[in-house]
Amino acid sequence: MITLTILFWILLFVIVYTYVGYGILLYAIIKIRRFFKMGKKLAIDPSYEPEVTLFIAAYNEKDYVAAKMKNTLELEYPKEKINIVWVTDGSDDGTPDVLKGYPNTTVYHLDERNGKIGAMNRGMDFVKTPIVIFSDANTNLGKESIRRIVNLFSNPKVGCVSGEKRIVDKESDVASGAGEGIYWKYESALKKWDAELYSVVGAAGELFAIRTALYRHVEKDTLLDDFIISLRVAQEGYTIQYDPDAYAIESASANVKEEFKRKVRISAGGIQSIVRLRSLLNVFKYGTLSFQYISHRVLRWSLTPLCLILLIPVLSILAINEGIFSFGLYSTLFWLQVLFYVAALLGWFLENRETRVKILFVPYYFFIMNVCVVLGFFRYMKKSQSVNWERAQRAS
């Protein structure tokens, strides 16, 4: 029983550290650094105003073109310094035709469909500006997003800038929207603290930018292009910075089923990324970046979901041994665990019923995320995840 007790505390530590402890530790480090004035504020030059390319890889996005271009042409940055590039490879819904006639807009199209990363690799060969900003066709950018991103690049140590993904916030929402929105708010806080400590760990594919000279062609079967591209920039000694006021806004997934599909793909890509970025696990070489990478990403995509599974039988045995209704330490934790999964079940029941009490969906969303990691692992091992665009239905 001693072995089981030790195993329990190890499992619990890993779980708590991954989802709460790292955030608390990060916040504490930031506070201590601020108090002792150990960290220097990132020096930026607001007058820095180079030409930029807004790069949009799109597959059958005709219905989004008008809104995307309207939003792009209204961005607060000199119009003559924004080059708009669309790569529409494989699109057969007329997307390239709809784009004709827009100012400062170049469309590159091939009939053959080679996935998003294939379109990005091909399109990047045509980019000549010092900074390239990647954005999705179905997202709208905040008016000052480009300027705020460019400001951070005025510091030569910055190689990549991540914007923020914002989910349309409705007063009442279904499970996918409520859970996803709360998750991204927490992620936003972690990114802010990560950037202040040293570097953000990865970028949001909805809106991120890199120095064009740092782009390296990515393997064609890459699932998380934004994550791989941004962290390879960090591996070269540059930092990934973050500005929450440079944002891309989109609707939440239409329902948990759609969010489930998206998360399984991300999880499969997460496992793939851990394999391809395995050198980043070397804390002796990458120091703080490795610490952030392991704490914020690797544990979520690998060890922690396994710990959650193992915790169920381990805690059950300890609670039974203690007396399941004795309400000692292990029995109390056992019933709290039961309560958590009951709450997740309630979230499933309320899945498509709009509610103002969004906190009800947190256990369900958390549960679904970890199930997706497990399924993503098997999908990666079977090599069955397609790299081609898969349109997710969005809430209206």
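Residues numbered from 1 in each chain as written. Predicted model: local features only at pLDDT ≥ 70, side-chain atom pairs only at ≥ 80, totals over all residues. Heavy atoms only, no water.

A. Representation of the pairing of strand β7 (residues 207-211). Extensive coverage of β7 is indicated by the burial of five of its five residues. Side chains L207, A209 and R211 of β7 all project onto a buried face; the interleaved residues F208 and I210 project onto the opposite face, where all are buried too. The pairing of strand β4 (residues 131-135) with β7 spans five bridges and is classified as antiparallel. For I131, the partnering residue across the bridge sits in β7 and is R211. (Buried < 20%, exposed > 50% of the residue type's maximum accessible area, 1.4 Å probe, protein only. Helix = DSSP H or I, 4+ residues; strand = E, 2+ residues; numbered from the N terminus. Pairing = 2+ DSSP bridges.)

B. Summary view of the nonpolar core. Counting residues in each nonpolar core, the largest one holds 38 residues, and the members touching the most others are F55, M120, F134, I210, Y215, L231 and Y293. Elements with a contribution of two residues or more to this core: β1 (52-57), β2 (82-87), α4 (115-124), β4, β7, α7 (225-235), β8 (239-250) and α10 (288-301). In terms of residues, this core owes the most to one element, α7, which gives six residues. Residue contacts for Y215: discarding those within four places in its chain leaves I117, M120, N121, M124, F134, I210 and I229. Listed in part, the 27 residues of the second largest apolar core include I84, L141, V150 and V161. (Core = buried A, V, L, I, M, F, W, Y, C linked by side-chain atoms within 4.5 Å. Contact = heavy atoms within 4.5 Å.)

C. Structural context of unusual backbone geometry. At K37, a residue that is not glycine, the phi angle is positive and equals roughly 50°. Structurally, K37 is set in the loop between α1 (2-35) and β1. Within the chain, F327 stands out as a residue other than glycine whose phi angle is a positive 55°. Take F327: it is sitting in the loop between α11 (303-322) and α12 (329-349).

D. Representation of the packing of aromatic side chains within the structure. Considering all chains together, one arrives at 21 aromatic pairs under this definition. Seen from their ring centres, F340 and Y341 are 5.2 Å apart, and the 85° between their planes marks the pair as edge-to-face. Judged by relative accessible area, which is 26%, F340 ranks as partly exposed. A relative accessible area of 27% means that Y341 is categorised as partly exposed. Through a chain of ring-to-ring contacts, the aromatic side chains of Y19, F340, Y341, F366 and F367 assemble into a single cluster. A cation over an aromatic ring shows up here: R166 above the ring of Y247, its NZ or CZ 3.8 Å from the ring centre. (Phe/Tyr/Trp six-rings, centres within 6.5 Å; stacked < 30°, edge-to-face > 60°. Lys NZ or Arg CZ within 6 Å of the ring centre and 35° of its normal.)

E. Spatial organisation of helix α2 (residues 62-73). Taking 1.5 Å per residue as the helical rise, α2 with its twelve residues ought to reach 16 Å, and the 17 Å between its terminal C-alpha atoms agrees with that figure. For α2, every residue scored as buried is listed here: V65, K68, M69, N71 and T72. Along the long axis of α2, the arc covered by the buried residues comes to 160°, so they all point the same way. Exposed positions of α2 whose direction lies more than 90 degrees from the buried face are D63 and K70. Tucked into the core, α2 has its buried residues touching β1, β2, α3 (95-98), β3 (105-108), β4 and β5 (140-141). (Expected span 1.5 Å × (residues − 1). Arc of directions from axis to C-beta.)

F. Focus on the sheet that holds β5. The sheet built from eight strands is open, its strands ordered β3-β2-β1-β4-β7-β6-β8-β5 with mixed pairing. Looking at the sheet topology across the chains shown, the edges are occupied by β3 and β5. Pairing geometry for strand β6 (residues 158-167) and β7, over three bridges, is antiparallel. Counterpart to C160 in the pairing with β7 is I210. Its contacts with the sheet put α4 on β1, β2, β3 and β4, and the angle it makes with β1 is roughly 150°. (Axes fitted to C-alpha atoms, helices over the stretch in contact; angles between N-to-C directions.)

G. Fine view of the pattern of salt bridges. Tallying each qualifying case throughout the model produces 22 salt bridges. With a closest N to O distance of 3.4 Å, D136 and K116 form a salt bridge. On the criterion of sequence distance, the pair formed by D136 in the loop between β4 and β5 and K116 in helix α4 is long-range, its members being 20 residues apart. Considered together, D136 and K116 belong to a single accessibility category, that of buried residues. Residue E219 pairs with R232 through a salt bridge whose shortest N-O separation is 3.1 Å. In this pair, E219 is assigned in the loop between β7 and α7 and R232 in helix α7, connecting sequence segments 13 residues apart. (Salt bridge = Lys/Arg side-chain N within 4 Å of Asp/Glu carboxyl O.)

H. The side chain of N151, seen in detail. Here N151 shows up in helix α5 (residues 145-153). On the basis of relative accessibility, which here comes to 16%, the residue N151 falls in the buried class. Sequence-distant contacts of N151, that is, excluding residues within four places in its chain, are made with I44, D45, P46 and Y48.

I. Region of the structure containing the side chain of T95. Mapped onto the fold, T95 is located in helix α3. There is a polar contact of 3.1 Å between the side chain of T95 and the backbone nitrogen of E61. Not counting chain neighbours up to four residues away, the residues in contact with T95 comprise N60, E61, K62, V65 and T88. (Polar contact = N/O pair within 3.5 Å; in protein donor to acceptor, adjacent residues only side chain to side chain.)

J. Region of interest: the environment of V98. Secondary-structure assignment places V98 in helix α3. Taking relative accessible area as the criterion, V98 reaches 33% and is therefore assigned partly exposed. Expressed as a C-alpha distance, the spacing of V98 and V65, which sit 33 residues apart in the sequence, is 7.3 Å. Excluding residues that lie within four positions of it along the chain, V98 makes contacts with K62 and V65.

K. View of the environment of K79. With respect to the helices and strands, the residue K79 is situated in the loop between α2 and β2. Apart from residues no more than four positions distant in its own chain, K79 is found in contact with L73 and N104.

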